[in-house]
Amino acid sequence: MYKSIIYKEWIKIRWAVVVSFVALIITLLYVQLEIRHYIELMTAFTNWLYIIQRKMLYYEIFKYLPLIIGTVISMLQFVPEMSKNRMRLSYHLPISEKKLLLSMASVGFFFLLITYVILVTGLILTSYIYYPTEIVLSLLITILPWLLGGIAIYFLTSTIILEPSWTYRIVLIIIAIAFTRLLFMESGYNEYQYSIWKYAIPVVFFPLMIFFPGHRFRKGIN
Amino acid sequence: MENVIELRNLTHRYGNKLVLNNLNLSVEKGRIFGVLGKNGMGKTTTINILMGFLRPTSGVCKVLGEDSHKLKPTTRAKIGLLHEGHIAYDFMTIKQVEKFYSNFFPAWKREYYYELVNKLHLSDNHRISNMSCGQRSQIVLGLIFAQDPELMILDDYSMGLDPGYRSLFIDYLKEFVSVGNKTVLMTSHIIPDMEKIIDDAIIMGHQKLLLHTSLKNFKETFHCYQLKRSNATDNLHADNTISNIETIKNIVNLYSFKDSEQIKKYLKIQNVSINELKEIPLGLEEAFIGLTGKY
Amino acid sequence: MLNKLSRYIIILLIVIVTAIYLPNFYWMVFQKNVRSPGIYYSPTENDFLYKQWNRLTGSKYYNSDGETISDREFRIALPFYYYSDLEKWGILPTKIKTFEFDKKKLRAKSQMVKINQKDFHDPLIQLWPLIESKPKHAKLSMPNEFFRITDEVEFINPKTNTIIKEMTKDFTIAMVEKGFKFPHKYIFGNPTTRKAFDEGYFIVDNDNKTFHLKKVNGKPLCIKTPISKKLDIKRIFVGENNRKEFYGLLFTKTHDVYLITYDNYKLIKLPIKDYNSDEMKFVMLVDPLYRTINVTNNEKAISVVTDINYNVIDRFEIISTPKENTVIGKVEQAIFPFKIETYTRNSKYVNFDLETNYLLGIIGIILSLISFFAITRKTKTYYKENWFDIVIIALTGVYGLIAVLVIKPGYWD
């Protein structure tokens, strides 16, 4: 049963997964080239100084990538289900709606996490060649809100798409944008160091959010 | 006799708009039911409630003994649904969609699916989104057959199908239910097709049920009487005897469940000349229109 | 059950988002944008003057009695700051008290130190360049390596991203010889080449003793300062200035401020009261005759003027009604029982802090509850099934009201 669900979700997102992996690897290579270019252009010392004092984020190109991947995966999974009422097929399957929704979302979330693993390992490996631990550590702290933003937007987008009524959708879109943008407001490194866990607490509960639109669909509430 | 579907005082409103008003209906096991109703009579709402995608405002809608809006997964496995527009997972291929569904149903009958689908002469890797509506209807029907459900609810199965696929659909369905023990509830705008297969007709009027009877009984007891228009006929109106009156130029059609003797008696009382009264034979479609009116 | 929970998670998200944005929108609409005043001490008037800027009127000038004065009057009273204007107008005095007016001398005897409360809460990667303090050339130049302090002073070559063993050994030994106890607690410096000379770093060791580390001719120069280890140091702002009166300013966690003088690191305590370094901006103006120390926030501006030996001459205070106490502020507190602050003027870190409005907020909660019952007017079973809606409104007031009204309950059966 779950095998089937994974199978169907995989069919919907497989191209996006491949494209994200390729895009990630290309971007990682690009960042590495860029670092080398900077070091040659301005010396390694100045490059470090720019990073430390001017708070240049050499990995800023990745800032919105989790957000984009999260949104795209969610859309590829749930837009085909909701268009032409196809979700009726899924909701009629002999499995409870909650298990169904949760397992569908788990598949997308899992692939999002894999992209995170690639991104984070790629960045650590690239960075360790050129930079000391302090800079690598600040990178990890700095990208944390971006990664959290990707997870948040994945579940928010899923909730928005699964919601059957447009008025609710619009409310949820506004709320989703308003919340997610809070995680992308940094102007330098480590700025979310002490508060990121507070932002993570609500996000931990976001997966449960997809049940309510499912319930509304099932009961025909518009 | 066990009732597969049971509606009791089913009422539904959208906001303040009443769509269904105290609908009562029981559907026995093992028969094929055609739900007939003009647009706007609450047919879609009823089907949505039956399929479990709408919780009624009040009243009861039991399907296989459970409230339709909270069917257990095991009960859902016993119900095959054909959604309006032959909804399918378009992004899957013939093979993929079968593989997907098969894991959900322990009694999956793969051969039923492929029996139907093979007749399309398409490759197994053909995507459903690249199929015609008729081809897709075969896939959907094949999946329902493979599920081997006790109850099938087929909503507007004929939508978008050309006559060839329509009759193919009916043929397969007929064959499938001939095993017995299957209950089918279907809707369509193509009544002559339905006439070929349904045992019972359920006719919906405004917000309520007009008639629920066997097709045979309906055709036997529902009559159309034709006579010349006169001042007296203009005074006639629908009542307990006459279900519907239709006046076209100089001809008046009276639709009624009464036999010709009763009608003659009735007309005499109403001072209508019965000299030219004659009974017109009715098909199901004409009978349906006669009962519900054209408008 | 899970469906209900799911709805409440959406509702709580709306509460969080509205608690962040709505109070901000409120203040954007109603608050007059006023900057805190800039206070000066006039050597000619022997009194304080100040200027204040706001969105509607622009800059306005006042004397210490709060009377408006003209732009020209303001500038004439402050010859140390506006001497070029005075010179242009041909009214530059030749002598101000004991100071014979000379632009060069004036510049040499003037200094300004500005420390924003944000500077105390600013994430910094703990890697430092140690600038050569006796450079070959006229200008300072950056070194080729960074250092970090672990259980030694580790120098790293950015080119190879490896530790420079020789330097690390030299500097570590120099520190240990002076009694430095690794690991360190804090390090403070001013690593920029845009200054006349370099004073290196002040490093607080594990024993709370403060050491001064410089690089002289490529070699370490470590000095154990007599700065008391009992001082609870929060931060030292090193600021090299040609006057060479002090290395920089030492701020304690108890909000005292000291100058670290060139006179063997002797500390001079600045005579300011009611200063909170986490919330107030600190400005110290040095001119040939006076020291003016201003600490300001939205509610008050406190100024102390001293002579060159830091003996208090006069004090001045401007108290403005804090925005919380204005009518607009009171209304805000009554509408919103709390708010979530993500950005403050006090920190470069992004926060997520709950600020409750206590008693006044209860008015808003009660009004929200009344509105809820008035708007919904449902049956007993409705309230029974959705009793948690009421709890949410009772806890979050208008935010919860908006959320539960927008996201209506489902069919809980």
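Residues numbered from 1 in each chain as written. Chains lettered and ligands numbered in written order. Predicted model: local features only at pLDDT ≥ 70, side-chain atom pairs only at ≥ 80, totals over all residues. Heavy atoms only, no water.

## So, the overall build of chain A
Test applied: For the purposes of this entry, the term helix denotes a DSSP run of H or I that reaches at least four residues, the term strand denotes a run of E that reaches at least two, and both are numbered from the N terminus. For the exposure calls, accessible area comes from a 1.4 Å probe over protein chains only, and a residue counts as buried if that area is under 20% of its type's maximum, exposed if over 50%, partly exposed in between. A contact between two residues is defined here by any heavy atoms of the two lying within 4.5 Å. Only the protein chains shown count as cover for residues, with accessible areas throughout obtained via the Shrake-Rupley method and a probe of 1.4 Å. Only four residue types enter the tally: Lys and Arg on the positive side, Asp and Glu on the negative side, with His and both chain ends excluded. Where a charge sits is defined by one atom per residue type, namely NZ (Lys), CZ (Arg), CG (Asp) or CD (Glu).
A count of helices and strands for chain A gives 8 helices and 0 strands. Its helices and strands taken in sequence order, chain A reads α-α-α-α-α-α-α-α from the N to the C terminus. Taking the principal axes of the C-alpha coordinates as reference, chain A spans close to 65 × 30 × 25 Å. Residues counted as buried form 61% of the 222 residues belonging to chain A. Sequence separation of at least 24 residues holds for 82% of the intrachain contacts in chain A that already meet a minimum separation of 6. Of the roughly 8700 Å² of accessible surface on chain A, 74% is carried by carbon and sulfur atoms. The positive charge centre, built from 19 side chains, and the negative charge centre, built from 10, are 14 Å apart in chain A.

## As for the overall build of chain B
Counting its regular elements, chain B contains 11 helices and 14 strands. Counting all 295 residues of chain B, 53% fall into the buried class. In chain B, 69% of the contacts between residues at least 6 apart in sequence involve partners at least 24 apart. Charged side chains of chain B number 36 positive and 32 negative; the gap between the two group centres comes to 4 Å.

## Examining the pairing of strand β15 (residues 219–224) of chain C
The side chains of a regular strand alternate, residue by residue, between the two faces of the sheet. Residue and element names in this part refer to chain C. Condition: Criterion used throughout: strands pair if DSSP finds at least two bridges between them.
Here strand β14 (residues 210–216) runs beside β15; their pairing, made up of 6 bridges, is antiparallel. Along β15, the bridge assignment pairs His212 with Ile223. Taking the residues that link successive antiparallel strands as the turn, the β14-β15 hairpin has 2 residues, and the phi of Asn217 there is positive, at about 50°.

## Some remarks on the packing of helix α5 (residues 133–162) of chain A against helix α6 (residues 166–181) of chain A
Residue and element names in this part refer to chain A. For clarity, the cut-off: Axes, fitted as lines to C-alpha atoms, cover a helix only where it is in contact. Angles between the N-to-C directions of the axes lie from 0 to 180 degrees. Geometric relationships in this document are graded by angle, where less than 35 degrees denotes roughly parallel, more than 145 denotes roughly antiparallel, 65 to 115 denotes roughly perpendicular, and other angles denote oblique. Ten residues, namely Ala, Val, Leu, Ile, Met, Phe, Trp, Tyr, Cys and Pro, are considered nonpolar, four, namely Asp, Glu, Lys and Arg, are considered charged, and the remaining ones, Gly among them, are considered polar.
Remark: α5 packs on α6, axes separated minimally by 9 Å, with the N-to-C direction vectors making an angle of 175°. Put simply, α5 runs roughly antiparallel to α6. Across the interface between the two elements, Gly149, Ala152, Ile153, Leu156, Thr159, Ile160 and Ile161 of α5 pack against Arg169, Leu172, Ile173, Ala176, Phe179 and Thr180 of α6. For the contact of α5 with α6, the class distribution of residues is 9 nonpolar, 3 polar and 1 charged.

## Comments concerning the interface of chain A and chain C
Stated precisely, the cut-off is as follows: Two parts placed together each lose some accessible area under a 1.4 Å probe, and adding up what both lose gives the buried area. Salt bridges are identified by distance alone: a Lys or Arg side-chain nitrogen within 4 Å of an Asp or Glu carboxyl oxygen. As used in this structure description, the phrase polar contact means that two N or O atoms lie within 3.5 Å; if the pair is within protein, one of them must be able to donate a hydrogen and the other to accept it, and residues adjacent in sequence are counted only when both atoms belong to side chains.
Tallying the contact residues gives 49 residues for chain A and 47 residues for chain C. For the pairing of chain A and chain C, the buried interface totals around 4200 Å² over both sides, and the portion due to carbon and sulfur atoms is 70%. There are 3 salt bridges connecting chain A and chain C. When the shortest N-O distance is used, the salt bridge between Arg148 of chain C and Glu134 of chain A registers 2.5 Å. Taken together, the links from chain A to chain C amount to 23 residue pairs in polar contact (both at pLDDT 80 or more). Of all the secondary structure elements, the ones that give two or more residues to the side of chain A that touches chain C are α1 (2–52), α4 (97–130), α5, α6, α7 (196–205) and α8 (211–218) of chain A. Here the side of chain A that touches chain C gets 7 residues from one element, more than from any other, and that element is α6 of chain A. In terms of residue class, the side of chain A that touches chain C is made up of 34 nonpolar, 8 polar and 7 charged.

## Regarding the environment of Ala19 of chain C
Tracing the backbone through its elements, the reader meets Ala19 of chain C in helix α1 (residues 2–30). Given a relative accessible area of 0%, Ala19 of chain C falls into the buried group.

## With respect to the nonpolar core
Spelled out, the test is: Nonpolar cores are built from buried Ala, Val, Leu, Ile, Met, Phe, Trp, Tyr and Cys residues. Side-chain atoms within 4.5 Å join them into one set.
Ranked by internal contacts, the top residues of the largest apolar core, which has 197 residues, are Tyr58 and Tyr59 of chain A together with Tyr101, Ile139, Leu154, Leu185 and Met186 of chain B. Dropping the residues within four chain positions of it, Tyr58 of chain A is found in contact with Val31, Glu34, Ile35, Ile51, Ser127, Tyr131, Ile135 and Leu139 of chain A.

## Brief notes about the environment of Thr27 of chain A
All names here are of chain A. Along the polypeptide, Thr27 turns up in helix α1. Among the residues examined, Thr27 registers a relative accessible area of 14% and is labelled buried. As for Thr27 and Leu119, which are separated by 92 residues in sequence, their C-alpha atoms are 9.4 Å apart.

## Details of the interface of chain A and chain B
With 27 residues of chain A at the interface, the matching set in chain B holds 27 residues. A buried area of about 2800 Å², summed over both sides, lies between chain A and chain B, and 61% of it is on carbon and sulfur atoms. One can count 2 salt bridges joining chain A with chain B. Salt-bridge contacts for Glu97 of chain A lead to Arg76 of chain B; the nearest nitrogen and oxygen are separated by 3.3 Å. Breaking the side of chain A that touches chain B down by element, the ones donating at least two residues are α1, α2 (65–82), α3 (87–92) and α8 of chain A. Broken down by element, the side of chain A that touches chain B gets its largest block of residues, 7 residues, from α1 of chain A. When grouped by side-chain class, the residues that make up the side of chain A that touches chain B number 11 nonpolar, 6 polar and 10 charged.

## Quick look at the domain arrangement of chain B
All names here are of chain B. The cut-off we apply is this: All the domain ranges listed were derived from an automatic or database domain assignment.
Domain boundaries in chain B define domain 1 (3–217) and domain 2 (222–292). Just the C-alpha atoms count here: the centres of domain 1 and domain 2 sit 35 Å apart. Contact residues are listed per partner, giving 12 residues for domain 1 and 7 residues for domain 2. Buried surface at the junction of domain 1 and domain 2, both sides included, amounts to about 880 Å², of which 79% is carbon and sulfur. Contact with domain 2 buries area across many residues of domain 1, yet Lys38, Ile191 and Ile203 alone supply 42% of it, more than any other trio. Our enumeration of links across domain 1 and domain 2 arrives at 0 salt bridges. Taken together, the links from domain 1 to domain 2 amount to 2 residue pairs in polar contact (both at pLDDT 80 or more). Elements supplying a minimum of two residues to the side of domain 1 that touches domain 2: β3 (32–37), α7 (191–195), β9 (200–205) and β10 (208–214). Ranked by residue count, the leading element in the side of domain 1 that touches domain 2 is α7, at 3 residues.

## A word on the pattern of salt bridges
Side-chain pairs of opposite charge can arise where the charged atoms are in close proximity. Under the defined criterion, the tally for this structure stands at 43 salt bridges over all chains. Here Lys209 of chain C and Asp207 of chain C are joined by a salt bridge, their closest N and O atoms 3.3 Å apart. Using a relative accessible area of 31% as the deciding quantity, one classes Asp207 of chain C as partly exposed. When salt bridges that share partners are traced, they join Lys8, Glu9, Lys12 and Glu81 of chain A into one network.

## Quick word on the side chain of Ser277 of chain C
Residues and elements named next belong to chain C. The residue Ser277 is located in the loop between β19 (267–269) and β20 (281–286) in this model. A polar contact is formed between the side chain of Ser277 and the side chain of Lys234, at a distance of 2.9 Å. Side-chain polar atoms of Ser277 contact the side chain of His255, separated by 3.0 Å. Those residues in contact with Ser277 that sit more than four places away from it in its chain are Gln117, Phe120, Lys234, Phe251 and His255.

## Remarks on the sheet that holds strand β4 (residues 58–63) of chain B
All names here are of chain B. One open sheet holds the 4 strands; their spatial order is β2-β1-β4-β5, and the pairing between them is antiparallel. With one partner strand each, in any of the chains shown, β2 (17–28) and β5 (66–67) form the two edges of the open sheet. Bridge count between strand β1 (residues 3–14) and β2: 8 bridges; the pairing is antiparallel. Residue Leu10 lies in a different strand from β2, and its bridge partner there is Leu23. The sheet contacts of helix α1 (residues 43–51) involve β1, β2 and β4, and relative to β1 the element is tilted by about 125°.

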